[in-house]
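Fold and geometry: a report
One letter stands for each residue in the lines below.
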Amino acid sequence: MQRKPEWLRKELFNRGKDNSVRTLIRENKINTVCSEASCPNIGECFSRNVATFLLLGNICTRNCRFCNILNNEEKPLELDADEPKRVADAVKKLGLKYVVLTSVTRDDLDDGGASIFVETAERIKEVDNNILVEVLVPDFNFDTDAIDMVLSSPISLFNHNLETVKSIYKSLRPKSNYERSLKVLEYAKKNSAIPVKTGIMVGLGETEEEVIALFEDFKNIGGDILTIGHYLPPSKKHYDVVYQDEEVFEKYRDLANNIGIKTVISGPFIRSSYYAEESFFSNLV
């Protein structure tokens, strides 16, 4: 692996401040993408009493080569009917006013797990109807019934990550498809009044021209919010990184804005759910 640039080294946060969040997650027997995906922002977010909840267990049925979440196509976890209730209880105890729900991909389930997203959002609204819920969903194999189910639930923002440019999909995400993911975003935009968001990583070997083409694709389907971060491989076994210059994030933000994407959050440590509340409200201005 290449040596990581100094500007890509995350500041350490006081672990004592986030112990309460870790304890709550353990006691409620819930998963977070923060922990399972080894997010570099975990210490910062936990110290702010913020977490992104990972639904449908912690074993994915796909094998994306950038991701640290466990995968097993043949043996995903049994569906946990009590998970929505436990997540809502954690939201209440943390005092959250903005919640991000995501999940592993569950190709083994008839609805891809859409019903769990719906029930979890409904449970959270029972805690406090003023809580805003953002969902970061898998592609549901472009099952429009599953997408409609989520869109009709009490959510405030619909997110599905493109992750990378079209040419890299086959090697990075062998069980996913760029066009299918774009169709999910387009369908959500056309069939609801809910803002649509996506996120990408740079540092995977993409060219600037390919990134600009992705921006144009997202703009053309009416996308509202775009996040851009730097890929950081969780281990030497994961997809190789190609470190970018620090200045590329400001450049891509400006390019995406000029293309017509209203809200662009770009920086080396940006992830889809990182300061998600702020990006949601900035899009309303």
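**Examining the environment of Leu157**
Along the chain, Leu157 turns up in strand 7 (residues 157-159). In contact with Leu157, not counting residues within four places along its chain, are Tyr98, Val133, Glu134, Val135, Ile194, Pro195, Lys197, Ile225 and Phe280.

**Details of the packing of helix 9 (residues 208-220) against helix 10 (residues 248-259)**
Contact geometry for helix 9 and helix 10: axes closest at 10 Å, N-to-C directions at 40°. Relative to helix 10, the element helix 9 is oriented oblique. Two packed elements cross with a definite hand, and for helix 9 against helix 10 that hand is right-handed. Counted together, Glu208, Val211, Ile212, Phe215, Glu216 and Lys219 of helix 9 and Lys251, Tyr252, Leu255, Ala256 and Ile259 of helix 10 form the full contact between these two elements.

**What about the pairing of strand 8 (residues 196-202)?**
For strand 8, the buried fraction is high: seven of the seven residues fall into the buried class. Of the two faces of strand 8, the one lined by Val196, Thr198, Ile200 and Val202 and the one lined by Lys197, Gly199 and Met201 are each fully buried. Strand direction decides the pairing type here: strand 7 and strand 8, joined by two bridges, are parallel. The residue of strand 8 that forms the bridge with Phe158 is Val196. When strand 8 meets strand 9 (residues 225-230), the two strands line up parallel, connected through six bridges. In the strand pairing of strand 9, Ile200 is matched with Ile228.

**Notes on helix 5 (residues 114-127)**
Relative to the 20 Å expected for 14 residues at 1.5 Å per residue, helix 5 spans 21 Å between its end C-alpha atoms, a close match to the ideal helical length. When we look at burial in helix 5, the residues that qualify are Ala114, Ile116, Phe117, Val118, Thr120, Ala121, Ile124 and Lys125. Against strand 2 (53-55), helix 4 (83-94), strand 5 (98-103), strand 6 (132-136) and helix 6 (144-151) lie the buried residues of helix 5.

**Some details on the sheet that holds strand 6**
If you trace the eight strands from one edge of the open sheet to the other, you get 1-2-5-6-7-8-9-10, paired in mixed fashion. The open sheet terminates on both sides in strands that have one partner only, identified here as strand 1 (31-32) and strand 10 (263-266). Sheet topology note: the strand 9/strand 10 ladder contains four bridges and is parallel. Bridged to Ile225 within strand 10 is Thr263.

**Overview of the packing of aromatic side chains**
Considering all chains together, one arrives at eight aromatic pairs under this definition. Plain terms: the ring middles of Phe280 and Phe281 are 5.1 Å apart, the flat faces sit at 80° to each other, and that makes the pair edge-to-face. By relative accessible area, which is 8% here, Phe280 ends up buried. Here the aromatic residues Tyr98, Phe280 and Phe281 are joined through ring pairs into a cluster of three or more. The ring of Phe269 carries Lys10 above its face, with NZ or CZ at 4.7 Å from the centroid. For Arg48, the ring lying beneath its charged end belongs to Tyr275, and the centroid distance is 3.9 Å.

What counts, and where the lines are drawn
Residues numbered from 1 in each chain as written. Predicted model: local features only at pLDDT ≥ 70, side-chain atom pairs only at ≥ 80, totals over all residues. Heavy atoms only, no water. Helix = DSSP H or I, 4+ residues; strand = E, 2+ residues; numbered from the N terminus. Contact = heavy atoms within 4.5 Å. Axes fitted to C-alpha atoms, helices over the stretch in contact; angles between N-to-C directions. Parallel < 35°, antiparallel > 145°, perpendicular 65-115°, else oblique. Left-handed = near helix turned anticlockwise from the far one by under 90°. Buried < 20%, exposed > 50% of the residue type's maximum accessible area, 1.4 Å probe, protein only. Pairing = 2+ DSSP bridges. Expected span 1.5 Å × (residues − 1). Phe/Tyr/Trp six-rings, centres within 6.5 Å; stacked < 30°, edge-to-face > 60°. Lys NZ or Arg CZ within 6 Å of the ring centre and 35° of its normal.

Functional significance is not addressed by these values, which are geometric in nature.
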